Amino acid sequence: MRLILLGPPGAGKGTQAQFLIDEFGIPQLSTGDMLRAAIAAETPLGLEVKDIIARGDLVPDETVVGIISDRLDEEDCKNGFILDGFPRTTAQAEALEVLLEDKGLSLDAVVEIKADADTLVARILKRAAESGGAREDDNEEVLRNRLDVYEELTAPLVEYYSGKGLVKSVDGMAGIEEVTASIMKALKG
Ligand code: AMP
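Participant: Can you break down the overall build of the protein chain residue by residue, with the values?
Facilitator: Helices and strands together make up the secondary structure of the protein chain, namely 9 helices and 5 strands. Starting at the N terminus, the α and β elements of the protein chain follow one another as β-α-β-α-α-α-β-α-β-α-α-α-β-α. Against the globule reference of 16 Å for 189 residues, the protein chain gives a C-alpha radius of gyration of 16 Å, in line with a compact fold. Principal-axis analysis of the C-alpha atoms places the extent of the protein chain at approximately 40 × 40 × 30 Å. Split into buried and exposed, the 189 residues of the protein chain put 44% on the buried side. Taking the contacts inside the protein chain whose residues are at least 6 apart along the sequence as the reference set, 74% of them involve residues at least 24 apart. When the accessible surface of the protein chain is totalled, it reaches about 9400 Å², and 50% of it is carbon and sulfur.

Next comes the structure, spelled out in structure tokens:
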């Protein structure tokens, strides 16, 4: 199963990915997690993206496409993968298509987790408070920017993938288990 999880920050992509990992035995490829790991390890990549992420802007397409390209070649991706937070722009989606084509692979579905902005702000600020503010980009100002960036650059991907007949939309405002059930139903249906 090769999936993309699409949805605004705080919609529950990470939470739902955890479930899908267990269900399908495939890894979650989160560009956000990979970039945060690079920042924590103070690698050249980490230094390059640190300020961009702190502002809530997107890191360059070439950077994330390179990371994903390498990651897809790893052994654990051979039975599939869950892309979480990638692609985030049309250029990334087009690059992914080329990457997959070169590897002789195709996507099975794009799961869109729908959620409304104001609820997301409340949800993420709660996550930040509970985790002791572990994420520098989980403050209200940066969060509003991340949501704006999502609307402007990432939301158009719903249409992009709808045109390919891949999108399955679920209501991300329901409880965690309900959202999981909707995703499973959408993937099986
Ligand atoms: P996330 O954990 O997916 O919310 O990502 C956190 C931050 O990492 C984003 O706000 C971006 O600055 C950066 N980021 C993660 N994935 C991407 C991507 N596919 N393209 C560009 N920037 C990304």
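Still more to cover.
Participant: Which residues make up the site of the ligand, and what values do they have?
Facilitator: Not every one of the 16 residues close to the ligand is listed here, only the nearest: Thr31, Arg36, Asp57, Gly85 and Gln92. Between the ligand and Arg36, the relevant distance is 2.9 Å, taken from an oxygen atom to a side-chain nitrogen or oxygen of the residue. One of the side-chain N or O atoms of Gln92 is found 2.9 Å from a nitrogen atom in the ligand. Within the complex, the protein chains bury 96% of what would otherwise be the 480 Å² of accessible surface of the ligand.

Participant: Lay out the packing of aromatic side chains in plain terms, naming residues and giving numbers.
Facilitator: Evaluated as defined, the whole model comprises 1 aromatic pair. Between Tyr160 and Tyr161 the ring centres are 4.9 Å apart and the planes differ by 90°, which places this aromatic pair in the edge-to-face class. The pair formed by Tyr160 and Tyr161 is uniform in burial state, with each residue classed as buried. Of note, Lys164 hangs over the ring of Tyr160, and the distance from its end group to the ring centre comes to 4.9 Å.

Participant: Would you mind going over the nonpolar core in detail, with residue names and values included?
Facilitator: If you look at the biggest cluster of nonpolar residues, it comprises 29 residues, and the most contacted ones within it are Leu72, Leu83, Leu96 and Tyr161. At the level of elements, strand E1 (2–6), helix H3 (44–55), helix H4 (61–72), strand E3 (81–84), helix H5 (90–102) and helix H8 (156–162) are the ones that each hand at least two residues to this core. When residues of this core are assigned to their parent elements, the largest contribution, 5 residues, is made by H4. Beyond its immediate stretch of four places on either side in the chain, Tyr161 contacts Ile4, Pro87, Ala93, Leu96, Leu107, Val110, Leu166 and Val167. Leu5, Leu20, Ile82 and Leu120 belong to the second largest nonpolar core, which has 20 residues in total.

Rules of the game
Residues numbered from 1 in each chain as written. Predicted model: local features only at pLDDT ≥ 70, side-chain atom pairs only at ≥ 80, totals over all residues. Heavy atoms only, no water. Helix = DSSP H or I, 4+ residues; strand = E, 2+ residues; numbered from the N terminus. Rg over C-alpha atoms; globule rule 2.2 N^0.38 Å. Buried < 20%, exposed > 50% of the residue type's maximum accessible area, 1.4 Å probe, protein only. Contact = heavy atoms within 4.5 Å. Areas by Shrake-Rupley, 256 points an atom, 1.4 Å probe, with all protein chains shown as cover. Near = heavy atom within 4 Å. Polar contact = N/O pair within 3.5 Å; in protein donor to acceptor, adjacent residues only side chain to side chain. Phe/Tyr/Trp six-rings, centres within 6.5 Å; stacked < 30°, edge-to-face > 60°. Lys NZ or Arg CZ within 6 Å of the ring centre and 35° of its normal. Core = buried A, V, L, I, M, F, W, Y, C linked by side-chain atoms within 4.5 Å.

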